Amino acid sequence: MKKIVAETKFAEGLCLKKLFFVFLIGSVIGSLYEEILFLVQHLMATGELAWSLRRGVIWGPFNVIYGFGAVIMVYLLLRKPYKNWQIFIYAALLGGIVEYLISFLQEFFTHTMSWDYSGLWLNINGRTTIPFMLVWGLLGLLLVRGVYPPVSEAIERIPPKIGDAVYVILVVFMALDMLISWTAIIRQTLRHNHIPPYTPIGRFYDEHFTDDYLEHYFPNMRRPEEEE
């Protein structure tokens, strides 16, 4: 008698694999959103079309702050049957906390800033604002109620063998991408502080990840001392 083997789905439920793909999708959408927003703002201000990269890593269209935010919201807001108003409030708080923490960690480890809301109304130490948190709340509600269900179903329709292979490849790629990108920025900070490289890796970074190279991928990143 043949054994009946139940067909399994790829990344079923709210598992690590599912969350990783949510992270990737959120990062890509966030990158496109920031770049289109820049294009529109520049067009309205100058009347000219211009495209500028808005990423969190060097390789690939990934603005990882949006990816991290999407994962945190999906993981925390889908664990219980929250009402819409609860999702909105929790998403607003989570979005503000994530934005604040990433801004703080970026400045602490790299001595750089990618945004400063000090001049905006109801800002919190220039790292986030109450109005922006309300926007995060709306985006979180849209994500949980409208975007995540069909995206989750689409991910689960990936053949398991293909999904597992792609998952491993992308995890390795993103880990290296984030590691190299962020350590290159840290090395840039050391370089600005006139600290010479003591290892071949440091010399490689100075040769290949120059200030002009990094500015191309992180045009909105600046140092507080440059504002003085």
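Note: the structure precedes this text.
About the thresholds
All residue numbers refer to positions counted from 1 along the written sequence of the respective chain. The model is predicted, so local features are restricted to residues of pLDDT at least 70 and side-chain atom pairs to those at 80 or more, both for listing and for counting; the totals for chains, interfaces and linings are taken over all residues. Here the side-chain values reflect all heavy atoms present in the structure, with hydrogen atoms and water set aside. Secondary structure elements are defined from DSSP: runs of H or I of at least 4 residues count as helices, runs of E of at least 2 residues count as strands, and each element is numbered from the N terminus. The cut-offs for exposure are 20% and 50% of the maximum accessible area for each residue type, with area from a 1.4 Å probe on protein chains only; residues under the lower value are buried, those over the upper are exposed, and the others partly exposed. In this description, contact between two residues means that some pair of their heavy atoms is separated by no more than 4.5 Å. Positive charges are assigned to Lys and Arg, negative charges to Asp and Glu, while His and the chain termini are left out of the count. To locate a charge, take NZ of a lysine, CZ of an arginine, CG of an aspartate or CD of a glutamate. Lines fitted to the C-alpha atoms define the axes, with helices restricted to the stretch that makes contact. Angles between their N-to-C directions range from 0 to 180 degrees. Roughly parallel means an angle under 35 degrees; roughly antiparallel means over 145; roughly perpendicular covers 65 to 115; every other angle is labelled oblique. Handedness of a crossing is defined here by the sense of rotation of the near helix relative to the far one, left-handed for an anticlockwise turn of less than a right angle and right-handed for a clockwise turn. Just so you know the grouping, Ala, Val, Leu, Ile, Met, Phe, Trp, Tyr, Cys and Pro go in nonpolar, Asp, Glu, Lys and Arg go in charged, and all remaining residues, Gly too, go in polar. The term salt bridge refers to a pairing of a side-chain nitrogen on Lys or Arg with a carboxyl oxygen on Asp or Glu at a separation within 4 Å. To estimate the expected span of a helix, subtract one from its residue number and multiply by 1.5 Å.

Peer 1: Give a description of the overall build of the protein chain that names residues and reports values.
Peer 2: Along its length, the protein chain carries seven helices and two strands. Reading the secondary structure of the protein chain in the N-to-C direction produces α-α-α-β-β-α-α-α-α. Counting only C-alpha atoms, the protein chain reaches 75 × 45 × 35 Å along its principal axes. Scored against the burial criterion, the 228 residues of the protein chain give a buried share of 36%. Taking all contacts inside the protein chain whose residues are at least 6 apart in sequence as the whole, residues at least 24 apart take part in 68%. In the protein chain, 19 positive and 21 negative side-chain charges are present, and the distance between their average locations comes to 15 Å.

Peer 1: Describe the packing of helix α3 (residues 84-110) against helix α4 (residues 130-156), with residues and values.
Peer 2: Between two packed helices, both the angle of their axes relative to each other and the distance between the axes serve to describe the pair. Packing of α3 against α4 leaves a shortest axis separation of 7 Å and a crossing angle of 120°. By the angle between their directions, the pair α3 and α4 is classed as oblique. In the packing of α3 onto α4, the handedness of the crossing is right-handed. Of the residues in α4, those in contact with N84, I87, F88, A91, A92, L93, G95, G96 and E99 of α3 are F132, M133, L134, W136, G137, L138, G140, L141, V144 and R145. Classifying every residue of the contact of α3 with α4 by side-chain character gives 12 nonpolar, five polar and two charged.

Peer 1: Hey, could you go over the pattern of salt bridges for me, with residue numbers and the actual values?
Peer 2: One pass over the structure, following the stated rule, counts seven salt bridges. Here D164 ties to K17 by a salt bridge, and the two come within 2.6 Å at their closest N and O atoms. Placement of D164 in helix α5 (residues 160-192) and of K17 in helix α1 (residues 16-46) is noted, with a sequence separation of 147 residues between them. On the basis of relative accessibility, which here comes to 31%, the residue D164 falls in the partly exposed class. Residue K17 is classed as partly exposed on the basis of its relative accessible area, which comes to 27%. The shortest N-O distance in the salt bridge between D206 and R187 comes to 2.9 Å. Separated by 19 residues along the polypeptide, D206 in helix α6 (residues 200-208) and R187 in helix α5 bring together distant segments of the chain. Counted as one network, the salt bridges with shared partners bring together R187, R191, D206 and D211.

Peer 1: Give a detailed account of α5, specifying residues and quantitative values.
Peer 2: In a regular helix each residue adds 1.5 Å, so 33 residues correspond to 48 Å; α5 covers 47 Å between its end C-alpha atoms and thus fits that length. Of the residues making up α5, those classed as buried are G163, Y167, M174, D177, M178, S181, A184, I185, R187, Q188 and T189. One or two residues past the end of α5 sits H194, with phi positive at roughly 65°.

Peer 1: Provide a residue-level description of unusual backbone geometry, including the pertinent values.
Peer 2: For H111, which is not a glycine, the phi torsion comes out positive at approximately 60°. Structurally, H111 is set in the loop between α3 and β1 (123-124). We note that L122 has phi near 55°; this positive angle belongs to a residue other than glycine. As for its position among the elements, L122 is in the loop between α3 and β1.

Peer 1: Residues and numbers for the packing of α1 against α5, please.
Peer 2: Across the interface, α1 lies against α5 with an axial gap of 11 Å and an inter-helix angle of 55°. Here α5 runs oblique to α1, going by the angle between their axes. The two elements α1 and α5 meet at a crossing, and its hand is left-handed. For the pair α1 and α5, contact is made by L16, K17, F20, F21, F23 and L24 and by G163, D164, V166, Y167, L170, V171, M174 and M178, respectively.

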